[in-house]
Every structure is written in structure tokens, then in C-alpha cells.
Amino acid sequence: MDGAKALRAGAAVALVVGLAVGCSGQGRHGGASRSVLTGEEGAAGRVLAVKVDNVSAARPQTGLDDADLVYAIEVEGGLSRLMAVFDSGHLPATVGPVRSARETDLQLLAGYDRPALAFSGAQSKLLPVLRSSDIVSRTGTGAFFRSPGRPAPHNEYVHTKGLSDGAGAARDIGLRFAAKMPAGGSPAAVTSASMPAARFTFTWEAPRYRVAMDGSHTPWTADSVIVQRVQVKESRFRSRTGFVPFSRTVGAGSGVVLRDGRSYGVRWSRPTADARTTYTYNGRAMPLHPGRTWIVLEPA
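Residues numbered from 1 in each chain as written. Predicted model: local features only at pLDDT ≥ 70, side-chain atom pairs only at ≥ 80, totals over all residues. Heavy atoms only, no water.

Trainee: I'd like a rundown of unusual backbone geometry, residues and numbers included.
Mentor: Note the cis peptide between Arg-59 and Pro-60, where omega equals -5°. When you line up the elements, Pro-60 lands in the loop between strand 2 (47–52) and strand 3 (69–74). The omega angle of the peptide bond from Ala-152 to Pro-153 is 5°, so this bond is cis rather than trans. Mapped onto the fold, Pro-153 is located in the loop between strand 8 (144–146) and strand 9 (156–159). Positive phi outside glycine occurs at Asp-260, with the angle close to 55°. Checked against the element boundaries, Asp-260 lands in the loop between strand 18 (251–259) and strand 19 (262–270). When its relative accessible area of 23% is taken as the criterion, Asp-260 is described as partly exposed. (Helix = DSSP H or I, 4+ residues; strand = E, 2+ residues; numbered from the N terminus. Buried < 20%, exposed > 50% of the residue type's maximum accessible area, 1.4 Å probe, protein only.)

Trainee: How would you summarise the packing of aromatic side chains if you had to cite specific residues and measurements?
Mentor: The geometry of two aromatic rings is summed up by the distance between their centres and the angle between their planes. Taken as a whole, this structure holds four aromatic pairs when the rule is applied. Ring centres of Phe-145 and Tyr-157 lie 5.9 Å apart, and the angle between their planes is 25°; on these two criteria the pair is classed as stacked. Of the two residues, Phe-145 sits in strand 8 while Tyr-157 sits in strand 9, which places them 12 residues apart along the sequence. Since its relative accessible area comes to 28%, Phe-145 is described here as partly exposed. Each ring, one from Tyr-264 and one from Tyr-281, has its centre 5.1 Å from the other, and the planes form 90°; the classification is edge-to-face. Separated by 17 residues along the polypeptide, Tyr-264 in strand 19 and Tyr-281 in strand 20 (residues 278–281) bring together distant segments of the chain. (Phe/Tyr/Trp six-rings, centres within 6.5 Å; stacked < 30°, edge-to-face > 60°.)

This is the structure:
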């Protein structure tokens, strides 16, 4: 399903359009209920997703360890870009560097309930689709700013205050959590996932994973990791610079879940754009460790 059809599937995305630059203890959330995004105590609030640059000139980024989830997505040239998903109760002051939206984002975010998406532009043919949709909410661009310490385009950041206003509250997107590690799996101290010109490495350093990107260590950590193998085709929103990947998150396929130093081979399934994504191990729902999850959309 392409981006426009995903929008029409009934899970709209509230977009924060930035500058067009191109294409029984207290958990982290506090309270008694459980977040559907992290499995921790305290219900998640409204959802804000931010597109984040991920080339070497953009590192280290800002705000990733405050995210509930971080997606790694293939973009032009086989490089990677991140999408950090936050709940409104635990927003960092700023996030960035911010980069542009892609068709993959629309299909991926259709599984949420009207999340806000902060991004800095999009392909010229995609922007009119976003602007003309009668189910897309837009806000202004005053929250975006440039940092003088880095060269453009790797220096655009966004103040998060107020960006999730009007967005939908977090809903169940299919993730399941349990503090107890499931039986099975294999010991795995170091696991990598790749795109044509990008690599992610997750090293178990109890109680969580350390994240390395393109062979370089980062400050970022994950409590669980999903390597979700997806079909990649050319986006219908093309660019003069060449092939624009569209990673399909509707469908089914294989993957790997990392938690507590073990690796589990899983199957994922998402029959429609507005459906939950299920991850199963030996035919049963695969529970993640409560906390932050990184999901790498690795080309199958």
C-alpha cells in the first residue's frame, strides 16, 4: 500500500511541517497503568514522531534516549534515517538534526492514532499530497531553528514544546512486553543489521544494548531491538537525485528480536495499514523487555 492509500486507511497523521530543505515501583512514565509503547508503568500520552538525520555529520543526535521507539529507515543512496517516537509526557526540549519525510513514514505512522510528525520538507511530489489531504492537520514552523555549530543541512533542530498538541493519544500498535525473558532463543552478545550503505550494531551490556552506527559507537541505548526484514521498492514520490526507497511495513516477513542478551527469530505480520504489527516466536506473541525499542527496517 502506498503512502496516499495508507492515509486513506483511516489512521491519519498530524504533520508538523518544517523548513523545506529537500527532498509496583515507578516506571519512566509514572502511575499505575502500562504504556502501550514501552510496557513501563504509566500510560503514554499524545504521540510525536520526529524525522532525524543519521549521517556521520549529524552525529551525535539530540533526544534519542528520550524516545519510546526509534525506527531506522532506508533512504536514498542506501543510507539510513531515523524516526524517533515520543509520548507527550516525556518530551526532550529539543530533537534533531531534523530531516525530510518519505513515503515509508506515512505507511508506518498509519498504525498510530493521528500522531504528530515533525520533519523538514519532503520530495517535491510528496509535499502536495501532504498539503492537499483533508485528513492531515498542519501547524506552523516557528519551533524549528538552526544550530550555528554544524553545517547545513545537518543543523536544523526543533523545540518539542506544544508539537504534540492536537495529536492522538498513543494506541496499541502491536508491541507486547514482559519483564520475564521467554524460553528459547540463542545467546547473542553482538548483532548487526544492514542497509546498502548503513550498518547498525547492537551490543549487549547488561541491562541494555549499546547502539553503534556505521562502525562508530554512539551514546544511545535500547532495552529491546527488532530487526524487521521488509520489502523495499521504489517510491512513487520520486526524486531527481535517483532511486527513493519505500520500505513496506504492510505485509509479513521474518525478523529478529533482541532482548536480555538473546536473539529470537520471529515472524512479523501487518495485514493492513491501520492494523497492528504482530511479532511471533514459535507461533506465540514475542514479548519485548519493557523500555525503549529500536526497530531497524532491514531490506529483505
